[in-house]
Amino acid sequence: MPELKDGQALARVKCLSIDPTMRVWMVMDTYLPAAPIGEVMRAIGFAEIVESRNPDYKKGDRVTGLTGLQDYVVIGESNKRTFQKVPKIPFVSDTVFLGVLGVNGLTAFFGMEIAAPKKGETLVVSAAAGATGSIVGQIGKIHGCRVVGIAGSDDKCAWITKDLGFDAAVNYKHPDWKQKLAAATPNGIDIDFENVGGEIMQEVLNRMNLHGRVVLCGLISGYIKEDPALVSLGNILVRRLRVQGFIIMDYASRFMEAATQLGQWKMFGKLKDRETIVEGLEKAPDAINMLFTGGNTGKLILKI
């Protein structure tokens, strides 16, 4: 490790958030430049300050930010804006700052703000048993929506309906999933919170009501394909849909506001979560692949 200079702090990385966007960071410039070959792989992590030559940090401070896939990270002038301190909350695991009170909770919160849900509307969430989708559905229920989740196993479908309160769930790996989606949305679909893209998104668009809203959060089905299987735009025109993509960094100035509301919902039992934990930094590639095989339920965390 480098010797610290004035203005720097050294943090021990304790756990890492494993997210689909990491696959995109590997191959292309997006809202951030592609991660360069030979550099530390970009990742969001939770860390604790172990040494500091910066007055803003003291030993024992806890931070989240772009730690990268590594045991230690130096926080200095070049990267300090990507880190923020987090409090120690009694009886709450540190990993909550990577899930419900971290990037996934914030993504769900601001994505649902774009969706502008109204009581009685039908919300469909793809990748509904994932870290973001599972929170989106619960926020939909808080707003009085009928919530239908699309997931990749019967166990995941059971979790989001029995434990999280979704009104219905569809396993897209069943051959009759399209018929089941139709049965679960008898009054059509008002909001599509889209995490998957491809055939699943197309089928949801086929059932959208006039003037429905599509919140484009992710397109994971196309991240590992040369042909991303994008959808036809015909339904967007005919049904007069509003489609909006968003990047969570656009809302950085409001993170505390959102985290406060998410924390209150969790405290009062309105938000539940589940974590899939992988142990050991050397398992990072295996953990990333789990996102594309459906091997995780809820938030995927790598503990070091």
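Residues numbered from 1 in each chain as written. Predicted model: local features only at pLDDT ≥ 70, side-chain atom pairs only at ≥ 80, totals over all residues. Heavy atoms only, no water.

What follows deals with the overall build of the chain. Each helix and strand counted, the chain has 9 helices and 13 strands in total. Rg of the C-alpha trace for the chain: 20 Å, near the compact-globule value of 19 Å for 304 residues, within the 12% margin. Along the first, second and third principal axes, the C-alpha atoms of the chain reach 60 × 45 × 35 Å. For the chain, the residues scored as buried account for 49% of the 304 residues in total. Of the contacts formed within the chain by residues at least 6 apart in sequence, a portion of 64% connects residues at least 24 apart. For the chain, the exposed area adds up to about 14,800 Å²; of that, 54% sits on carbon and sulfur atoms. (Helix = DSSP H or I, 4+ residues; strand = E, 2+ residues; numbered from the N terminus. Rg over C-alpha atoms; globule rule 2.2 N^0.38 Å. Buried < 20%, exposed > 50% of the residue type's maximum accessible area, 1.4 Å probe, protein only. Contact = heavy atoms within 4.5 Å. Areas by Shrake-Rupley, 256 points an atom, 1.4 Å probe, with all protein chains shown as cover.)

Glancing now at the pairing of strand E3 (residues 62-65). Residues Arg62 and Thr64 point to one face of E3 and Val63 and Gly65 to the other, with burial holding for every one of them. One ladder, built from 4 bridges, connects strand E2 (residues 44-52) with E3; its direction is antiparallel. Bridged to Phe46 within E3 is Thr64. (Pairing = 2+ DSSP bridges.)

By the definition in use, this model includes 17 salt bridges. Of the charged contacts, one joins Glu77 and Lys80 as a salt bridge, the two residues approaching to 3.3 Å between their closest N and O atoms. The exposure class of Glu77 is exposed, given its relative accessible area of 62%. Several salt bridges converge on common partners, so that one network encompasses Lys14, Glu48, Arg62 and Asp94. (Salt bridge = Lys/Arg side-chain N within 4 Å of Asp/Glu carboxyl O.)

The next thing to look at is helix H5 (residues 177-184). Among all positions of H5, only Trp177, Leu181 and Ala184 are buried. One face of H5 carries all of its buried residues, which in axial projection span an arc of 65°. Residues Gln179 and Ala183 are exposed on H5 and point more than 90 degrees away from its buried face. (Arc of directions from axis to C-beta.)

A word on the environment of Lys156. By the secondary structure assignment, Lys156 is in helix H4 (residues 154-163). The class of Lys156 is buried, set by a relative accessible area of 11%. Lys156 sits 30 residues away from Pro186 along the chain, and the two C-alpha atoms are 22 Å apart.

As a further point, take the sheet that holds strand E8 (residues 168-171). Neighbouring strands of a sheet are bound in pairs by backbone hydrogen bonds; such pairs are parallel or else antiparallel. The 6 strands are arranged E8-E7-E6-E9-E10-E11 in an open sheet whose pairing can be described as parallel. Each having just a single partner strand, E8 and strand E11 (242-245) make up the two edges of the open sheet. Here the strands of the sheet are splayed against their neighbours by 15° on average, with no regard to which way each runs. As paired strands, strand E6 (residues 122-126) and strand E9 (residues 189-194) are joined by 3 bridges and run parallel to one another. Paired with Val124 across the bridge in E9 is Asp192. (Axes fitted to C-alpha atoms, helices over the stretch in contact; angles between N-to-C directions.)

Take the pairing of strand E10 (residues 208-216) next. When E9 meets E10, the two strands line up parallel, connected through 5 bridges. Residue pairing for E10: Asp192 is matched across the bridge by Val214. Read as a crossover between parallel neighbours, the route from E9 over helix H6 (residues 198-206) to E10 is right-handed. Two elements, E10 and E11, share 4 bridges in a ladder whose sense is parallel. Note that in E11 the partner of Val214 across the bridge is Val243. (Right-handed = clockwise from strand over helix to strand, strands pointing away.)

What follows deals with the side chain of Asn171. Relative to the elements of secondary structure, Asn171 occurs in strand E8. On the accessibility criterion, Asn171 (7% relative accessible area) is buried. One polar contact links the side chain of Asn171 to the main-chain amide nitrogen of Lys173, over a distance of 2.9 Å. Among all residues touching Asn171, those that are not within four sequence positions of it are Ala151, Gly152, Ser153, Asp154, Cys157 and Trp177. (Polar contact = N/O pair within 3.5 Å; in protein donor to acceptor, adjacent residues only side chain to side chain.)

Here we come to the layout of surface pockets. Estimates place the volume of the second largest pocket at around 270 Å³. Here the element with the most residues in the lining of the second largest pocket is helix H8 (residues 255-267); it accounts for 6 residues. Here the lining of the second largest pocket is composed, by residue class, of 8 nonpolar, 5 polar and 3 charged. (1 Å grid on protein atoms, 1.4 Å probe; cavity = no way out; pocket = protein on both sides within 12 Å on 5 of 7 lines; lining within 4 Å. Points joined across faces, edges and corners; volume = space filled by probe spheres on them. Nonpolar A, V, L, I, M, F, W, Y, C, P; charged D, E, K, R; others polar.)

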